[in-house]
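A structural walkthrough
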Amino acid sequence: MPRTNQPRIRLGMIGGGQGAFIGQVHRLAARLDDTCELVCGAFSRSADNNQLTGEACHLPDERIYADWQQLLESEQQLPVEQRMQLLVIVTPNHLHVPIAEAAMQAGFHVFCEKPAAVSLQEAQRLAESWQASGCLYGLAHTYLGYPMVWQAREMVSEGQIGSIRKIHVEYPQGWLGERLEQQGNKQAAWRTDPSLAGISGCMADIGTHAFGLAEFISGHRVSELCASLASHADGRQLDDDGDVLLRTDQGASGTLVASQVCSGEENALKIRLYGDKGALEWHQMEPNSLLYRPLQAAMRTLRAGIDQPDLFPSAMQRLRLPGGHPEGYLEALGNLYRDFAHAIHHGKQGDVEGVPGMASGLRGMAFIEAVTTSAKSEQKWTPLPATQLSGA
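Quick caveat: nothing in here was measured; it's all calculated off a predicted structure.

Next up on the list: the UniProt feature "domain: GFO/IDH/MocA-like oxidoreductase" (unreviewed entry) in the protein chain. UniProt records the feature "domain: GFO/IDH/MocA-like oxidoreductase" (unreviewed entry) for residues 151–281 in the present numbering. Segment residues 151–281 splits into 26% helix and 33% strand. End C-alpha atoms: 11 Å apart.

With that settled, the discussion passes to empty space enclosed by the protein. Per the stated rule, a full pass over the model turns up four cavities of 30 Å³ or more. Put simply, the largest cavity is a space of about 50 Å³. Ile167, Ala214, Glu215, Ser218, His220, Arg221, Val222, Leu246 and Thr248 together form the lining of the largest cavity. For the lining of the largest cavity, the secondary structure elements donating two or more residues are α9 (202–218) and β8 (241–248). With three residues, α9 is the largest single contributor of residues to the lining of the largest cavity. Looking at the lining of the largest cavity residue by residue, the classes come out as four nonpolar, three polar and two charged.

A few words now on the sheet that holds strand β2 (residues 36–42). In a beta sheet, neighbouring strands pair by backbone hydrogen bonds and run either parallel or antiparallel. One open sheet accounts for five strands, arranged β2-β1-β3-β4-β5; its pairing is parallel. Pairing within the sheet leaves two strands with one partner each, and these edge strands are β2 and β5 (137–139). With direction set aside, neighbouring strand axes in the sheet form an average angle of 25°. Relative to β2, strand β1 (residues 9–15) is paired through six bridges, and the arrangement is parallel. If you follow glycine 12 over to β2, its bridge partner there is cysteine 40. The strands touched by helix α4 (residues 96–105) are β1, β3 (86–90), β4 (109–112) and β5; relative to β3, the strand with the most contacts, the crossing angle is about 175°.

Its location among the elements puts histidine 26 in helix α1 (residues 21–31). Relative accessible area serves as the criterion here: at 1%, histidine 26 is assigned to the buried category. Not counting residues up to four positions away in its chain, the partners in contact with histidine 26 are Met13, Val88, Val90, Phe111, Glu113, Ala140, Leu333 and Tyr337.

Let us look at the sheet that holds strand β7 (residues 222–230). In space, the nine strands of this open sheet follow the order β13-β12-β11-β10-β6-β9-β8-β7-β14, with mixed pairing throughout. The outermost strands of the open sheet, each flanked by one partner alone, are β13 (300–303) and β14 (382–383). Of the pairings in the sheet, the one linking strand β10 (residues 270–275) to strand β11 (residues 278–283) comprises five bridges and is antiparallel in character. Bridge pairing links tyrosine 274 to alanine 279 in β11. Here helix α6 (residues 147–157) sits on the sheet and contacts β6 (164–172), β11, β12 (289–294) and β13; the angle it forms with β12, its principal contact strand, is near 20°. With respect to the sheet, helix α12 (residues 358–376) is in contact with β7, β8, β9 (253–259) and β14, its orientation differing from that of β7 by roughly 55°.

Turning our attention to the packing of aromatic side chains. Remark: the centre distance and the inter-plane angle together describe each pair of aromatic rings, the angle taken between the planes. The final tally for this structure, using the stated rule, is eight aromatic pairs. Geometrically, the ring pair formed by phenylalanine 111 and tyrosine 337 is edge-to-face, given 4.9 Å between the ring centres and 75° between the ring planes. One end of the pair, phenylalanine 111, is in strand β4; the other, tyrosine 337, is in helix α11 (residues 329–345), and 226 residues separate them in sequence. With respect to burial, phenylalanine 111 and tyrosine 337 carry one shared label: buried. Their ring planes at 70° and their centres at 5.7 Å tell us that phenylalanine 111 and phenylalanine 340 sit as a pair that is edge-to-face. With a gap of 229 residues between them, phenylalanine 111 in strand β4 and phenylalanine 340 in helix α11 connect regions that are remote in the sequence. For phenylalanine 340, a relative accessible area of 0% gives the class buried. Site record: aromatic cluster; members linked through ring pairs are Tyr143, Tyr146, Tyr171, Trp282 and Tyr329.

A few words on the environment of alanine 279. Within the secondary structure, alanine 279 sits in strand β11. For alanine 279, a relative accessible area of 4% gives the class buried. When the C-alpha atoms of alanine 279 and threonine 382 are compared, they prove to be 28 Å apart, with 103 residues separating the residues in sequence. In this view, alanine 279 contacts Ile161, Leu273, Tyr274, Leu291, Tyr292 and Arg293; residues no more than four positions away in its chain are not counted.

The end-to-end C-alpha separation of α9 is 23 Å, in line with the 24 Å expected for 17 residues at 1.5 Å each. Taken across its 17 residues, α9 has 17 buried, putting it largely inside the fold. Of the residues trailing α9, glycine 219 is marked for its positive phi of about 80°.

Turning our attention to the environment of leucine 246. Mapping leucine 246 onto the fold places it in strand β8. You can call leucine 246 buried: its relative accessible area is 5%. Expressed as a C-alpha distance, the spacing of leucine 246 and histidine 168, which sit 78 residues apart in the sequence, is 9.1 Å. Excluding residues within four positions of it along the chain, leucine 246 makes contact with Val222, Glu224, Leu225, Ala252, Ser253, Gly254, Thr255, Leu256 and Trp381.

Thresholds, definitions, all that
- Residues numbered from 1 in each chain as written.
- Predicted model: local features only at pLDDT ≥ 70, side-chain atom pairs only at ≥ 80, totals over all residues.
- Heavy atoms only, no water.
- UniProt positions renumbered as here; feature names shortened; annotations may be inferred.
- Helix = DSSP H or I, 4+ residues; strand = E, 2+ residues; numbered from the N terminus.
- 1 Å grid on protein atoms, 1.4 Å probe; cavity = no way out; pocket = protein on both sides within 12 Å on 5 of 7 lines; lining within 4 Å.
- Points joined across faces, edges and corners; volume = space filled by probe spheres on them.
- Nonpolar A, V, L, I, M, F, W, Y, C, P; charged D, E, K, R; others polar.
- Pairing = 2+ DSSP bridges.
- Axes fitted to C-alpha atoms, helices over the stretch in contact; angles between N-to-C directions.
- Contact = heavy atoms within 4.5 Å.
- Buried < 20%, exposed > 50% of the residue type's maximum accessible area, 1.4 Å probe, protein only.
- Phe/Tyr/Trp six-rings, centres within 6.5 Å; stacked < 30°, edge-to-face > 60°.
- Expected span 1.5 Å × (residues − 1).

Written as structure tokens, this is what we have:
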């Protein structure tokens, strides 16, 4: 994206206090291209944590707010050239919609951690509020910011692997193999609590990443699925493991596996797509490589880098370094922030180009609802609920 002399976009943040890793990830990624600046926040219900986090971010005391309601009310009263422009929501799931709705009603753009809501019905209500507000809305599906994910998407779109027949996507983690929620781990506690996380644990937390990645690269939409969910830790209320069979609207089949009890696994998100002319494979933990297997030729490894040949422009514009200098998770999220800042500067409305938005949020909630319904049903295949933005 071309360099501009535009001022930094002023950010506010709800959640993400010390001990919540994702808040610091967002703050680092937002500053990566110098397009955004954190100006205020309400980071924690703990007054001490909230104050310490704000001080660590070099915020003045008067813009370290006690809660999100005070933040929105106080920021509205500031002069336009001082108040925040974009609110970043990195709270547990149950607060995503109440805060996003209030922020957009107050005229602030919103960038929210996924999932968009705790139910499809709540997400649909949020979509209506968004359309009425005229504000921008984005979801932090960070993995969709990787350059080689865009390269794969373009190769599929250009027909380089032909008509897709099979999609296999998986996201194994191992961190919830023990009941950390009973050992004082706050990140585990809210993710395994239905009142805070919603109707699903693992599938809402990381299964939505796998689902979004599969639809984004393939261009297919999952039309129906057959799911099995499990909770392997004794007494855990929400799923920590799941297996899903998929069918798409274009006739492909596949699987989606998400688990947080795979011992020894870190963040091993990976995807394989098989077409009638070739195949593609991408691993999040080796994000700068994309494996390309033409049907009647030797396998090629496409590499990220601003000096690499054969990369599509959409991949190139998300790169910063020559090949061999790894770009990873922070850079991927930084790409989403850079695209969001560009949209705000240019007065865009509706979706932010390059950033998952409300349609992605609705699709993710439809996936979660279908998975949980299927897992409880004796019926083999469960269709995904229809999601449609009014006027779309």
